[in-house]
Amino acid sequence: MAIKARVRVVALFLLVLFLAPVVNLTRFQVLRSEALLARPDNTRTLEDLSLRGSLLDRAGQPLAQTRQGRRVHPLGPVTGPLLGYLTGRLGAAGLEASLEARTVGYAIPRTPMQAWSLLTRGDRHGDDVVLTLDRGLQTLAWELLEGARGAALVLDIPSGEILAVASRPSFDPARLEADWERLRVDPSAPLIERGTQGLYPPGSTFKILTMAGALADGRTRSDEVFVCTGSMDAGNFILHDNAVHGRVDLKEALVVSCNVTFATLGQRLEVSGLRRWMDGFGLLEAPALVPNAAEAQPMQPGAPSVAAEAGIGQADLLVSPLGMARVCATLARGGIDLEPRLVRAQTRRGQVTWRPAAPRPRRVLPEAVAGEVRRAMEEAVARGTGGRAAVPGVAVAGKTGTAENPHGEPHAWFVGYAPAEAPKVAVAVLLENSGGGGLHAAPLASRLLQAALSR
Ligand SMILES: [Zn+2]
């Protein structure tokens, strides 16, 4: 009894010892945080930042690290809105914020979890996080977007890893605090990462999903012939095509991007069927290993024309460039989805301390159906609307899009993969308000694919 009582006293004493600093720190931090942050000698921030782990590219080169108490981003605007920022005055955003639990270091543990973490690893420094990004491709993707607003993304098909995701406009992280007032109100939204968080009408790039879904559901066959008169009754208005395509079979319809054909397939699938296929391709859930990614927004049932419009990627559905690259990669794998990822591992002095489980392959649609869509995507680049995405000596498969939107000129899209016969990389290029996808987005995709294949 005496021993038990003594143990209890000691335990209580330890608890009080532990609670006292917690209570004090909470009071200090929570109640006085505003005043503290405003002080130029805010040592808490400096101290914590110096213990922060780095963000590394797939080769282990730093993309974000702390130098003399300041967070620096060696690639500057090339990784601007993706990495975000971490400053004493403005707080954290982007991957710097989302990966904080892995990279944060503790000078003084402030919660039992932090105390435990400090005890078990015996080091005050935070871990490093290795991203899937390839520095060279990331830089090229950024350069290709010069003068544009939009995003360019490269996905590694065998692993589902994001090799590059560039977004313009961007900001210079070294000048963030000085430029803050301007950046904050800039209508072109330079603080938003567009490749994984930007949601856009997919326009005709969505026809690859409509085609796959309609084939898999038995709503059409590859030898069905459609008659395009250049317009059709969509229910409550006349839907116009970009040309009078005459008699076209299903493959030819994708090659020439016939609106009448795919609006008809949209009507056959109905809103519920299209939505089910968006879900089937994994678009309605954000991938867990791409922090901050935005899930697609499916079309809402309503006017009679919604299914027809959605079949050609219009109506009110919205998809990110990452989402469309994921659809391409699934088709390229013969109908198998791998959840995309941006985080490779957590390391400490080069040793892996955590690695996510390998992605689980998931069959989305029969291989034969994926094959039909793939052959049409190949011809769309070989002799159709995607010609400018061609790469010398390599067969490219892809689809253009010219997406109407309420914000001005159409958005230009290209999504695709290469080599067509043994796919390695998928790309998505989106240029806001830039007009035709075949004319403007496809040439950038060609350059990106070429570089990605020769890396
Ligand atoms: Zn047509």
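Below: a short report on this structure. (Residues numbered from 1 in each chain as written. Predicted model: local features only at pLDDT ≥ 70, side-chain atom pairs only at ≥ 80, totals over all residues. Heavy atoms only, no water.)

1. Section: the coordination of the zinc ion
At this site the zinc ion is bound by Cys228 (SG), Asp241 (OD), His245 (ND1) and Cys258 (SG), with donor distances of 2.0 to 2.3 Å. Metal-centred angles of 98 to 115° between the four donor atoms at the zinc ion mark the site as tetrahedral. Along the chain, the residues that donate to the zinc ion are spaced as C-x12-D-x3-H-x12-C. In this pair, His245 is assigned in the loop between strand S11 (238–240) and strand S12 (246–249) and Cys258 in the loop between helix H11 (250–256) and helix H12 (259–280), connecting sequence segments 13 residues apart. For the pair shown, His245 and Cys258 are each scored as buried. (Donors = N, O, S within 2.8 Å, 3.2 Å for Na, K, Ca; no water. Tetrahedral: all angles 85-135°; square planar, octahedral: opposite > 155°, others 65-115°. Helix = DSSP H or I, 4+ residues; strand = E, 2+ residues; numbered from the N terminus. Buried < 20%, exposed > 50% of the residue type's maximum accessible area, 1.4 Å probe, protein only.)

2. A few points about the pattern of salt bridges
Side chains carrying opposite charge are able to pair once their charged atoms draw close together. Scanning all chains against the criterion turns up 22 salt bridges. A salt bridge links Arg455 to Asp134; the shortest N-O distance between them is 3.2 Å. In this pair, Arg455 is assigned in the segment after helix H16 (437–453) and Asp134 in the loop between strand S6 (128–131) and helix H7 (135–144), connecting sequence segments 321 residues apart. Taking relative accessible area as the criterion, Asp134 reaches 15% and is therefore assigned buried. One connected set of salt bridges, linked through shared partners, spans Lys251, Glu252, Glu379 and Arg383. (Salt bridge = Lys/Arg side-chain N within 4 Å of Asp/Glu carboxyl O.)

3. Some remarks on the sheet that holds strand S19 (residues 425–431)
Remark on secondary structure: sheet strands pair via backbone hydrogen bonds, oriented parallel or antiparallel. Strand order in the open sheet formed by five strands is S8-S7-S19-S18-S17, with antiparallel pairing between adjacent strands. Both outer strands of the open sheet, strand S8 (162–168) and strand S17 (397–405), are each paired with one neighbouring strand and no more. Neighbour to neighbour, the strand axes of the sheet diverge by 5° on average, direction disregarded. Sheet analysis places strand S7 (residues 150–156) next to S8, joined by six bridges and oriented antiparallel. (Pairing = 2+ DSSP bridges. Axes fitted to C-alpha atoms, helices over the stretch in contact; angles between N-to-C directions.)

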